[in-house]
Amino acid sequence: IDDLLHKLTLSGTEVDSVQRQGNWEGIVVGEVLEVSKHPNADRLNLVTVDLNNEVKKVVCGAPNVEINQKIAFAKVGSELLDHESQQLVPLQAAKIRGVVSEGMICSEKELGIGDNHDGILVLPPKVPKGTKLESILGQEILETEPTPNRPDWLSVIGVAREIAALNDTTIAEPSLQFTESDEETVTKA
């Protein structure tokens, strides 16, 4: 990103700010190995998660947790978004209804990437377990200030073309094909 910012500055493009999303220290991809009912709660499950180099047991209340899913797993000490204060709070080991939970399977809301808190975030099955979440979902957002002589910077495609030119590469533009219906359009006067 620093190299790109330097190239953009040399090309005459002003970058006002860079926002980094996905600073999820301690949050990794895990695979659900086992799901069983919590012995002391009807709506909770005991979930065994494989993080590639270690196995953790957690208490989870999400209705969509299933065996073989790839999930975002927060280890103890990871910082997650608190729903009430909207601040990042370190995750602590907890005893839930008599069972110790060694971490947390995260929803979009806890990760700060969406409002969905109805269930856990399920990741694509091909993502390797143990991978840091920020390497697959993290991103940098550049806020630019286009000058009047650069109207091409007022579109995403224009920005992509500029970055491709600065890096001596090409872009894959979206298809502009539309399906037509046989239905006639009638105009009323």
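Use the structure listed above.
Just so it is clear, the model here is predicted, and its values are computed rather than measured.

Q: Teacher, can you tell me more about the pairing of strand S4 (residues 55-60) here?
A: Along any regular strand, the residues point their side chains to alternate faces of the sheet. Relative to S4, strand S3 (residues 45-50) is paired through 6 bridges, and the arrangement is antiparallel. Bridge assignment links Thr48 to a residue of S4, and that residue is Lys57. Hairpin connection, S3 to S4: the antiparallel pair is bridged by 4 residues, and Asn52 has positive phi, about 85 degrees.

Q: Can you walk me through the pairing of strand S5 (residues 70-75) in this structure?
A: Here S5 lies mainly inside the structure; 5 of its 6 residues are buried. Bridge count for strand S2 (residues 27-37) against S5 is 5 bridges, and the pairing is antiparallel. When the bridges of S5 are listed, Glu31 appears paired with Lys70. Where S5 lies against strand S11 (residues 122-123), 2 bridges are found, and the strand directions are antiparallel. Pairing of Ile71 across the sheet is with Val122, part of S11.

Criteria and thresholds
Residues numbered from 1 in each chain as written. Predicted model: local features only at pLDDT ≥ 70, side-chain atom pairs only at ≥ 80, totals over all residues. Heavy atoms only, no water. Pairing = 2+ DSSP bridges. Helix = DSSP H or I, 4+ residues; strand = E, 2+ residues; numbered from the N terminus. Buried < 20%, exposed > 50% of the residue type's maximum accessible area, 1.4 Å probe, protein only.

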